[in-house]
2 protein chains.
Amino acid sequence: MAKIPPVKGTRDFYPNEMAVRNWITDGWRNASLRNAFVEYDGPIFEHLKLFTEKSGQEIASELFSLTDRGGRDLAIRPEMTPTLARMVNQKINALPRPIKWFSMPRCCRAERPQKGRLREFFQWNIDIIGDDSVLADAEVIYTAIDYLRNVGLTPDDIAVRISSRSLLAALLLDQGFAPDQLQTLYALLDKRPKVSQAVFAEMAAEKIPDATLRDNLMNLQAINSLDQISPLAQSKPAHDALAQLQQLFTYLDLMSVADFCLFDITIVRGLAYYTGPVFEIFDRNASLRAIAAGGRYDNLLAGLGGSQPVTGTGMGMGDVVLGLLLQGKKLINTLTQQLDFFVIDADPDLFQKTLQITAQLRQKGFTAAFSYKRTAVGKQFKQANAANARYALVLGQETTQRNEITLKKLTSPKTQQTTFTLDNFWTTLAANQLP
Amino acid sequence: MAKIPPVKGTRDFYPNEMAVRNWITDGWRNASLRNAFVEYDGPIFEHLKLFTEKSGQEIASELFSLTDRGGRDLAIRPEMTPTLARMVNQKINALPRPIKWFSMPRCCRAERPQKGRLREFFQWNIDIIGDDSVLADAEVIYTAIDYLRNVGLTPDDIAVRISSRSLLAALLLDQGFAPDQLQTLYALLDKRPKVSQAVFAEMAAEKIPDATLRDNLMNLQAINSLDQISPLAQSKPAHDALAQLQQLFTYLDLMSVADFCLFDITIVRGLAYYTGPVFEIFDRNASLRAIAAGGRYDNLLAGLGGSQPVTGTGMGMGDVVLGLLLQGKKLINTLTQQLDFFVIDADPDLFQKTLQITAQLRQKGFTAAFSYKRTAVGKQFKQANAANARYALVLGQETTQRNEITLKKLTSPKTQQTTFTLDNFWTTLAANQLP
């Protein structure tokens with residue numbers, strides 16, 4: 001049979017790559033638990049309709065879709081939010097609020113693979129549902145920073161760029177735009193950081209024929225601090241939205257993460273469903289795509305089959321861009337797997353004892369291994385070192401006759417060696433008093 | 001929008017179900033590490049051909065297959081072995097041997113959901129590749145038992161039913177069957193435990209028209225101990241295969257798990273690729289499908305695109321049957337998530353301090369939460385208890401003015417209360433000396 005390659009845009013996780021993946025997901029899990037989120041997950045595929053209802057038919061071309069034997073149209077999840085909405089809506093009256101949930105789903109998108117974007121990835125999701133206070137938004141942003149700070153990233157490395165969809169909407173309406181223009185403007189503004197000033201001006205001219213309105217938009221998107229907004233925020237909606245955003249920054253300051261955060265009016269998020277604070281996390285050099293993004297989505301759940309309106313706010317962080325950033329900063333820090341004991345016999349006759357002792361060590365919860373080949377002691381020591389064993393336990397012909405065993409500490413620079421009676425070895429091990 | 005249900009045969013993992021799933025997979029991981037296996041994983045989908053090459057075109061109807069934008073035929077993995085073979089073959093000359101790998105993949109099969117069989121499941125896989133010693137087979141079986149024993153199952157609950165494909169082949173040839181009949185006989189014998197004696201006799205009559213041969217087969221499958229085989233195993237292949245199987249039982253005895261193991265000649269495994277010892281693990285009542293199954297497959301890797309023959313032996317254990325068994329035995333033992341601290345303020349004015357202290361606790365690695373609503377102290381205590389907090393940290397108007405904080409231990413039967421200066425609290429916490 002010919003060699004069959006892996007599918008383009010997917011990854012094979014050999015033990016070294018798996019250790020990195022586990023280190024990332026363990027970090028996500030620990031940050032989630034520290035901040036009092038609980039874990040959930042859904043199936044890898046859903047009815048196709050769940051995704052097209054949320055994102056429109058256009059999404060179908062970006063999905064890996066499939067048909068089951070009953071002819072049902074299904075798709076592998078490209079993101080977690082539709083599943084989250086489905087699960088919350090299913091039990092909306094039984095779940096105590098606020099719902100603070102996290103998940104680390106494997107997701108797939110049928111996109112062209114490129115730097116920072118693969119067709120299969122893992123995405124950390126945290127969401128707080130059922131609380132409309134801006135405290136919940138602060139907690140989501142804090143939790144994302146908590147993880148990133150914990151792996152060693154500093155405010156010199158990354159920035160959380162924050163804005164507010166409700167503030168932007170109020171300002172745009174105050175500047176003379178009509179409510180039905182807003183979605184077009186969001187999509188336009190979301191492209192702003194991705195194109196040149198000239199291209200943006202061209203796109204704006206196409207979408208906003210009125211020159212005065214267009215100038216107003218250009219002036220708005222040039223704002224770079226909350227202070228500059230105060231004089232503009234005269235209407236009640238603008239004033240309230242500004243006050244909410246200021247409150248968010250106050251909370252982030254109290255939580256000692258203000259130096260990671262800044263206001264950035266160009267953060268809009270293209271998706272239609274955001275209703276309040278929105279944010280994206282970037283490396284300071286902005287050489288990569290966003291590391292994470294999120295915001296408040298107060299109508300999303302009801303829009304996805306919910307029987308009642310439920311507020312929500314959340315965030316997603318993928319492992320691919322994050323991995324590139326951490327690799328670039330040399331912050332990936334996986335522990336080499338260590339073996340507690342490698343059991344060595346000096347004579348093939350002693351092998352039965354080797355096997356017994358290995359099994360006994362494992363039964364007591366220790367990591368233990370032995371050589372499958374009855375080879376020279378030196379070769380077995382080589383295997384023990386290759387396996388990164390902390391101790392070698394050596395069965396010699398004479399010591400075994402005296403019911404003794406020799407312990408060699410392999411991790412100390414000068415190899416330390418102690419001979420124990422077998423009974424004494426087990427007692428010393430149980431008392432956690434090995435050298 | 002109408003409610004969209006989950007796909008039939010999949011599971012939603014709400015926090016309680018997720019805790020069970022994590023408890024199972026953590027147990028698998030720990031048993032694997034204790035026995036010196038390292039973790040790997042592959043993509044959720046592969047080229048369809050990888051699966052049909054291993055299992056034949058029939059498998060296609062049991063797969064969730066999909067087509068990517070380039071028109072390539074793909075399928076969600078129904079099992080891990082083809083991916084394992086592909087990954088090992090890709091780096092066969094670079095990987096140190098023996099390769100001791102484990103994985104816990106999510107797999108999907110387009111089957112009709114029924115008791116113990118879902119369309120999406122998790123499967124623990126352990127494999128030892130590149131060592132042809134029966135020690136490797138013993139390690140695989142030991143590791144499976146190590147996990148099952150660790151969750152509380154005893155030899156009264158489960159049995160590892162062991163046989164040998166090479167022994168069976170040798171005995172069948174000695175009894176007069178032709179080599180090209182073997183695959184038909186394996187498939188026939190694999191059905192033996194699943195049908196009545198009468199139905200089996202009928203099936204045998206169809207496949208083996210010769211009455212003498214058929215009697216020989218009936219006599220063979222009635223054997224129920226290794227001792228009964230010795231007189232039959234006269235040819236060298238039968239003698240060698242029997243000696244190997246006896247050696248396997250000796251190793252399992254030395255490793256103190258013999259009481260979980262028994263010889264069962266009806267264990268054949270339907271799949272073509274097994275070449276040596278094979279086993280299945282069942283509950284003693286045999287009310288469920290097999291909990292786990294595995295065996296030696298010495299030609300599989302070369303058959304799946306390998307450039308050289310590589311021996312292997314391994315096992316798979318799914319989470320669905322296992323979960324039913326553990327639930328039935330009341331052995332599922334998930335820890336309720338516990339919060340270290342719930343921070344409470346007696347006055348809304350103190351909320352800023354609440355937020356600061358919560359963030360400080362989290363930064364020190366503790367799990368901490370607070371109420372999003374400024375409500376009465378009693379209500380906040382209720383939330384703390386609902387969140388299963390170990391301690392409440394209470395900010396009172398007067399104590400806060402004196403820069404003090406009150407710690408209440410919520411887990412002790414009689415609520416214990418201590419007031420600290422804030423400095424003293426942080427010092428005591430750092431020294432791990434809280435009451």
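In this text, all values refer to a predicted model and were calculated from it rather than measured experimentally.

**Examining the overall build of chain A**
Each helix and strand in chain A was counted, giving 16 helices and 17 strands. Relative to its length of 435 residues, chain A is extended, with a C-alpha radius of gyration of 29 Å against a globular reference of 22 Å. Principal-axis analysis of the C-alpha atoms places the extent of chain A at approximately 95 × 55 × 50 Å. Put simply, chain A has 435 residues, and 43% of those count as buried. Intrachain contacts of chain A at a sequence separation of at least 6 include 66% that bridge at least 24 residues.

**Quick look at the sheet that holds strand β15 (residues 389–395) of chain B**
All names here are of chain B. One open sheet accounts for five strands, arranged β14-β13-β15-β16-β17; its pairing is mixed. Every other strand in the sheet has two partners, leaving β14 (368–370) and β17 (416–421) as the edge strands with one partner each. In this sheet, adjacent strand axes meet at a mean angle of 25° when their direction is disregarded. With six bridges joining them, strand β16 (residues 404–409) and β17 adopt antiparallel strand pairing. Paired with T406 across the two strands is T419, which belongs to β17. Those strands touched by helix α14 (residues 377–386) are β13 (339–345) and β15, and its axis lies near 170° from that of β13. Helix-sheet contacts for helix α16 (residues 422–430) involve β16 and β17, and the interaxial angle to β17 is about 115°.

**Overview of the pairing of strand β10 (residues 277–283) of chain B**
All names here are of chain B. Judged by how many residues are buried, β10 sits mostly within the fold: seven of seven residues are covered. Relative to β10, strand β8 (residues 158–164) runs antiparallel, the two sharing seven bridges. Note that in β10 the partner of I162 across the bridge is F279. Inspection of the sheet shows β10 paired to strand β11 (residues 292–296) by four bridges, in the antiparallel sense. Bridging from a neighbouring strand, I281 pairs with A292 of β11.

**As for the sheet that holds strand β13 (residues 339–345) of chain A**
Residue and element names in this part refer to chain A. The strand order across the open sheet built from five strands is β14-β13-β15-β16-β17, with neighbouring strands paired in mixed fashion. Looking at strand neighbours, the two that pair on one side only are β14 (368–370) and β17 (416–421), the edges of this open sheet. Recorded for the sheet is a direction-independent mean angle of 25° between the axes of neighbouring strands. In the packing of helix α14 (residues 377–386) onto the sheet, contacts are made with β13 and β15 (389–395), and the angle to β13 comes to roughly 170°. Here helix α16 (residues 422–430) sits on the sheet in contact with β16 (404–409) and β17, set at roughly 115° to β17.

**Some words on the interface of chain B and chain A**
Facing the 73 residues of chain B at the interface are 73 residues of chain A. Residues of the side of chain B that touches chain A, tallied by class, amount to 40 nonpolar, 16 polar and 17 charged.

**What about the relation of the copies chain B and chain A?**
The operation relating the pair of chain copies consists of a rotation about an axis and a translation along that axis. It takes a turn of 180° to lay chain B on chain A, together with a shift of 0.0 Å along the axis; the resulting RMSD is 0.1 Å. Accordingly, the operation relating the two chain copies is best matched by a two-fold axis. In terms of C-alpha distance to the rotation axis, chain B has L66(B) as its closest residue, with the C-alpha 2.6 Å off the axis. Mapped onto chain A, 100% of the interface residues of chain B are again interface residues, and the two copies thus contact each other with one and the same surface.

**Digging into helix α3 (residues 81–90) of chain A**
Here α3(A) lies mainly inside the structure; eight of its ten residues are buried. All of the buried residues in α3(A) are T81(A), P82(A), T83(A), L84(A), A85(A), R86(A), M87(A) and V88(A).

**Concerning the environment of M218(A)**
Residue and element names in this part refer to chain A. With respect to the element layout, M218 can be found in helix α8 (residues 211–221). We classify M218 as partly exposed; it has 14 C-beta atoms within 10 Å. Taking the C-alpha atoms as reference points, M218 and W426, separated by 208 residues in sequence, lie 76 Å from one another.

**Quick word on the environment of K329(B)**
Residue and element names in this part refer to chain B. Take K329: it is sitting in the loop between α12 (319–328) and β13. For K329, a count of 15 C-beta atoms within 10 Å translates into the label partly exposed. Residues K329 and R161, 168 residues apart in the sequence, show an inter-C-alpha distance of 20 Å.

**Some thoughts on the confidence of the model for chain A**
Residues and elements named next belong to chain A. In the predicted model, chain A carries a mean pLDDT of 92, and the fraction of residues at 70 or more is 99%. The lowest-confidence element of chain A is helix α11 (residues 300–303), averaging 78 in pLDDT; the highest-confidence one is strand β7 (residues 120–129), averaging 98. Taken together, the chains of this predicted complex give a pTM of 0.94 and an interface ipTM of 0.93.

**A word on the nonpolar core**
By size, the foremost hydrophobic cluster in this structure holds 250 residues, and its most contacted members are A144(A), I291(A), F342(A), A144(B), I291(B) and F342(B). In this view, A144(A) contacts I281(A), A292(A), M315(A) and M317(A); residues no more than four positions away in its chain are not counted.

**Re the packing of helix α1 (residues 15–34) of chain A against helix α4 (residues 134–150) of chain A**
Residue and element names in this part refer to chain A. Following both chains from N to C, one finds α1 and α4 inclined at 130°, their axes separated by 9 Å at the closest point. Considering their axes alone, α1 and α4 lie oblique with respect to each other. Relative to α4, α1 is oriented so that their crossing is right-handed. Note on element contacts: α4 touches α1 through T143, D146, Y147 and N150, opposite G27, W28, A31, S32 and R34. For the contact of α1 with α4, a count of residues per class yields three nonpolar, four polar and two charged.

Scoring rules and cut-offs
Residues numbered from 1 in each chain as written. Chains lettered and ligands numbered in written order. Predicted model: local features only at pLDDT ≥ 70, side-chain atom pairs only at ≥ 80, totals over all residues. Helix = DSSP H or I, 4+ residues; strand = E, 2+ residues; numbered from the N terminus. Rg over C-alpha atoms; globule rule 2.2 N^0.38 Å. Buried ≥ 20, exposed ≤ 12 C-beta atoms within 10 Å, placed from the backbone. Contact = placed C-beta atoms within 7 Å. Pairing = 2+ DSSP bridges. Axes fitted to C-alpha atoms, helices over the stretch in contact; angles between N-to-C directions. Nonpolar A, V, L, I, M, F, W, Y, C, P; charged D, E, K, R; others polar. Least-squares fit on C-alpha atoms with pLDDT ≥ 70 in both. pLDDT = per-residue confidence, 0-100. Core = buried A, V, L, I, M, F, W, Y, C linked by C-beta atoms within 7 Å. Parallel < 35°, antiparallel > 145°, perpendicular 65-115°, else oblique. Left-handed = near helix turned anticlockwise from the far one by under 90°.

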